[in-house]
Amino acid sequence: PGALAAFAAMSSSASASPVLRTFTSLLKLCAARADLATGRAVHAQLAARGLSAESLAATALANMYAKCRRPGDARRVFDRMPVRDRVAWNALVAGYARNGLAGAAMEMVVRMQEEDGERPDSVTLVSVLPACADAQALRACREVHGFAVRAGFDELVNVSTAILDVYCKCGAVEVARAVFDRMPGKNSVSWNAMIKGYAENGDATEALALFKRMVGEGVDVTDVSVLAALHACGELGYLDEGRRVHELLMRIGLESNVSVMNALITMYSKCKRTDLAAQVFDEVRYKTRISWNAMILGCTQNGRSEDAVRLFSRMQLKNVKPDSFTLVSVIPALADISDPLQARWIHGYSIRMHLDQDVYVLTALIDMYAKCGRVSIARSLFKSARERHVITWNAMIHGYGSHGFGKVAVELFEEMKSSGRVPNETTFLSVLSACSHAGLVDEGRKYFSSMNEDYGLEPGMEHYGTMVDLLGRAGKLDEAWSFIQKMPVDPGISVYGAMLGACKLHKNVELAEESAQRIFELGPDEGVYHVLLANIYANASMWKDVARVRTAMEKKGLQKTPGWSIVQLKNEIHTFYSGSTNHQQAKDIYARLAKLIEEIKAVGYVPDTDSIHDVEDDVKAQLLNTHSEKLAIAYGLIRTSPGTTIQIKKNLRVCNDCHNATKLISLVTGREIIMRDIQRFHHFKDGKCSCGDYW
C-alpha cells in the first residue's frame, strides 16, 4: 500500500520524475496483487513518458496483464514491442499457460524460435509444460522433454519435476517414474509430484509406497504429499497406514490445514471408521463447506443415513450454504431412509437453491424417488431434465427394474441408444437386473452379448452374477451352471451366491452343494450362505446335513443376519424384529395382527410353512405370524387412516408366506402396501403384487 500511495503522490507531483525501474517494480506489485486498475494507471504513465515500448517496461506490462487475467492486453503490449528478447517471450508463454490458453502458449514457443531465433531456456520449458498438461498434449510433452535432454536442462530439478508432472497428468505415469528415478537430485516438490501423480492415476499402492520411502529418506513432508498419502490409504482401505499418516501430520503441524483435515475425514470414512472421521470433524475449528460435505458423504456411504441427515440440518443451522455436492451426498441418505415426505422436502429445497437442474442433483433426486417407491415422480423428473447424462438414464432404468417394470426398463434402454447416448457398464448392469426381475431371459442374453460385441465393454463380476441370477430365477439351472464354467475370469462369491439362491428357489440340492462348496472356499464374511444351504437341506429333509452346516457356522463364528422391517410415520422410524415385543404398542400390534390373520384366512390364506423346520405345525404358523414385516404392516394399519398407503422397508428378501399374506392384507383392508426388500420393490394392491409373484 505504501509503494502504491507513493506512486499516486509521484504521479500528481510536477517535480517528481520516476525512473523506469520504479515503474517495473510497481507493475510487479500490481501483478502479485492482481490490481488491474493501478496497473493500467502505471501503463498510462509509461505511455505518457514514451516508455511503454521499452523492453523492460513492456515485459513487465505483459506479465502484469497476464496475471490480472487479461491475456489479450498482454498480447497487444507484446506485439507493439520493436525488439523482443527471451524474457518477453517467456512472459507471454507463462501468461497464456496461466490463463488456460494452452494452445497459444505452445504456439508462442514455436514462434519465438522461428521469428526471433530465440532458443527456449529453462524458464520457457517450465512455463510451457503446464500448458502441455492442460491440453493433454503428450506428444508436445515428449518434444519438450527431448529438447530438455539435448540442451542439458533435464539436469535442473525444476525442469525434470515439471516434465514428470506433465507425464503424470497425461496418464503416462510409468514414463514419469523413469524421469523421477533418473533425476540426479530431487527436492520435496519432485517427490510430491510423483506421489500425487500415482494417486491421481489410480495407483494408490505405489503412491503409498513412495510416500513411505520419502519419509524414510528424511525428505521434508508437505501438505501435498500428505494429501496424496491419505487419498491412497482411503482408496486401499488401509486404516493402520492412515493412522500413521495422521500421527505424522500432527507432528509436523498440519492439523491446522483444513484441506488436510478434510482429507483425513474422507480417509477414515473410506476405511469404514466414521467414528474416527467424526472425531476429526469435531476438532476442525474453522469448518469449510468441504468439511461438512466430506462428513455427510462419509455417513451416507457407511449406512449412517440418519446421521447424514442430522449433519445436513446442523450445517444449515451454522449458516453454511450447501452446494450441489452437498445435495448429492445427502439425497442418497434420504433415499435409504425411504420416507416420501422427506424426499419431497429435499426436492423442494433443491428447487429453492436453484440446484434442481444440476445433472448430478437431478439424477440423485430421480434415484431417491424410485427408492422411495415413487417411480412415477422419478419419471416426471426424468422427462423434465434439460440435460440427460448417462448416469441419469442409468438411474431411471434401474428405478424401473427395481420395481419390476422390466419391459419399461428395456424400452427406456432402447430409447437411450436411439438418442445417441452411449451406455456404460452401469447401464448394462441396470438393464440386466431389470430383465432378471421381470424374467426377460432372451432380452438379458442379447444385452449381455451386446455389451462386449457392440460397445467393447468387458463384463465385471456383477454382470456375470446378474446373468446367473437371470437364468437361475427362470429355472434354467443347467444353463446357469454352464455359464459359470465358461466364465473367462474366476467366479466370485456373488456369482456362486446367485446360483445358490436359484437352487433354493428350484430345490436343486446337487448344484446347491457344488455352489456352496465354491463359496466356502472363497471364505465369506457372513453366514447368509450357510443359512441358505441349511434351508435347502431342510426342505429336502436332509437333517444330518442341516446339523453339519449349522455346526460349521458355529465353529467359524458366523451368525444368521436377523431380519428387520421398518415403517416411518410422522418422522419417527419404528423398527420391528421377528417376534419382538418391546414396542410400546406391542399389545395393540399383536391384537391387530391376530385379527388380520383371521380376515385373510377367510379369503383363502394358508400359511406357507416350508421355510420353518424342527417344530410342530401350529408353532410354525405362530412363528410365521410374527415375522417383522407383518408386525410393521399391523402397526402401519393402526397408526394411519383408511386409504393411506403403507410403506415398509425390509433388510432381507421377503419370504413366500409374508408375500402371500401381504397380497391378501391389501385386499381385505383396501390399502396399497409398498414393500422394499433387499432385492426390489413390491407394490401390493387389491390382492395382487407388481412382481407378478416372480421375485
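Residues numbered from 1 in each chain as written. Predicted model: local features only at pLDDT ≥ 70, side-chain atom pairs only at ≥ 80, totals over all residues. Heavy atoms only, no water.

1. Here we look at the domain arrangement of the protein chain
At step 1: Split into domains, the protein chain comes out as domain 1 (186–286), domain 2 (313–387) and domain 3 (564–689).
At step 2: Placing the centre of domain 1 and that of domain 2 at their C-alpha centroids yields a distance of 32 Å. (Domains from an automatic or database assignment.)

2. Structural notes on the UniProt feature "repeat: PPR" (unreviewed entry) in the protein chain
At step 1: This chain's UniProt record puts "repeat: PPR" (unreviewed entry) on residues 85–120, 187–221, 288–322, 358–388 and 389–423.
At step 2: As a span, residues 187–221 carries 74% helix and 0% strand, and end to end its C-alpha atoms are 10 Å apart.
At step 3: End C-alpha atoms of residues 358–388 are separated by 10 Å, and the span's content is 74% helix alongside 0% strand. (UniProt positions renumbered as here; feature names shortened; annotations may be inferred. Helix = DSSP H or I, 4+ residues; strand = E, 2+ residues; numbered from the N terminus.)

3. Overview of the pattern of salt bridges
At step 1: Inspection of every chain in the model, using the stated rule, returns 28 salt bridges.
At step 2: Ionic pairing is found between R177 and D181, a salt bridge with its closest N-O pair at 3.0 Å. Of this pair, R177 and D181 both sit in helix α11 (residues 173–182), separated by four residues, roughly a single helical turn.
At step 3: Look at R177 and you get buried, because its relative accessible area is 15%.
At step 4: The salt bridge involving D336 is made with K649; its shortest N-O contact spans 2.9 Å. In this pair, D336 sits in helix α20 (residues 324–337) while K649 sits in strand β3 (residues 646–650), placing the two residues 313 residues apart along the sequence.
At step 5: Note on D336: relative accessible area 28%, which makes it partly exposed.
At step 6: On the accessibility criterion, K649 (13% relative accessible area) is buried.
At step 7: Here the salt bridges share partners, and the residues they tie into one network are R40, R70, D73 and R76. (Salt bridge = Lys/Arg side-chain N within 4 Å of Asp/Glu carboxyl O. Buried < 20%, exposed > 50% of the residue type's maximum accessible area, 1.4 Å probe, protein only.)

4. Details of α11
At step 1: Along α11, the residues that are buried comprise V173, A176, R177, V179 and F180. Taken around the axis of α11, the buried residues stretch over an arc of 160°, which confines them to a single face. Seen from the open side of α11, the exposed residues pointing more than 90 degrees away from its buried face are E174 and R182.
At step 2: On its buried face, α11 is in contact with α9 (138–151), α10 (157–169), α12 (188–200) and α13 (204–216). (Arc of directions from axis to C-beta. Contact = heavy atoms within 4.5 Å.)

5. With respect to helix α37 (residues 656–669)
At step 1: Taking 1.5 Å per residue as the helical rise, α37 with its 14 residues ought to reach 20 Å, and the 20 Å between its terminal C-alpha atoms agrees with that figure.
At step 2: For α37, every residue scored as buried is listed here: D657, C658, H659, A661, T662, K663, L664, I665 and S666.
At step 3: Phi turns positive, to about 70°, at G670, one or two residues after α37. (Expected span 1.5 Å × (residues − 1).)

6. Some remarks on the packing of aromatic side chains
At step 1: Per the counting criterion, the structure on display carries 17 aromatic pairs.
At step 2: Centroid distance F413 to Y447: 4.9 Å. Interplanar angle 85°. Geometry classified as edge-to-face. Of the two residues, F413 is situated in helix α25 (residues 406–418) and Y447 in helix α27 (residues 441–453); the sequence distance between them amounts to 34 residues.
At step 3: With a centroid separation of 5.9 Å and 50° between ring planes, the pair formed by Y464 and F483 is classed as tilted. Separated by 19 residues along the polypeptide, Y464 in helix α28 (residues 461–473) and F483 in helix α29 (residues 477–485) bring together distant segments of the chain.
At step 4: The exposure class of F483 is buried, given its relative accessible area of 18%.
At step 5: Three or more aromatic residues link up through ring pairs in this structure, and these residues are F413, F428, Y447 and Y455.
At step 6: Positioned above the aromatic ring of F382, the side-chain terminus of R388 is 4.2 Å from the ring centre. (Phe/Tyr/Trp six-rings, centres within 6.5 Å; stacked < 30°, edge-to-face > 60°. Lys NZ or Arg CZ within 6 Å of the ring centre and 35° of its normal.)

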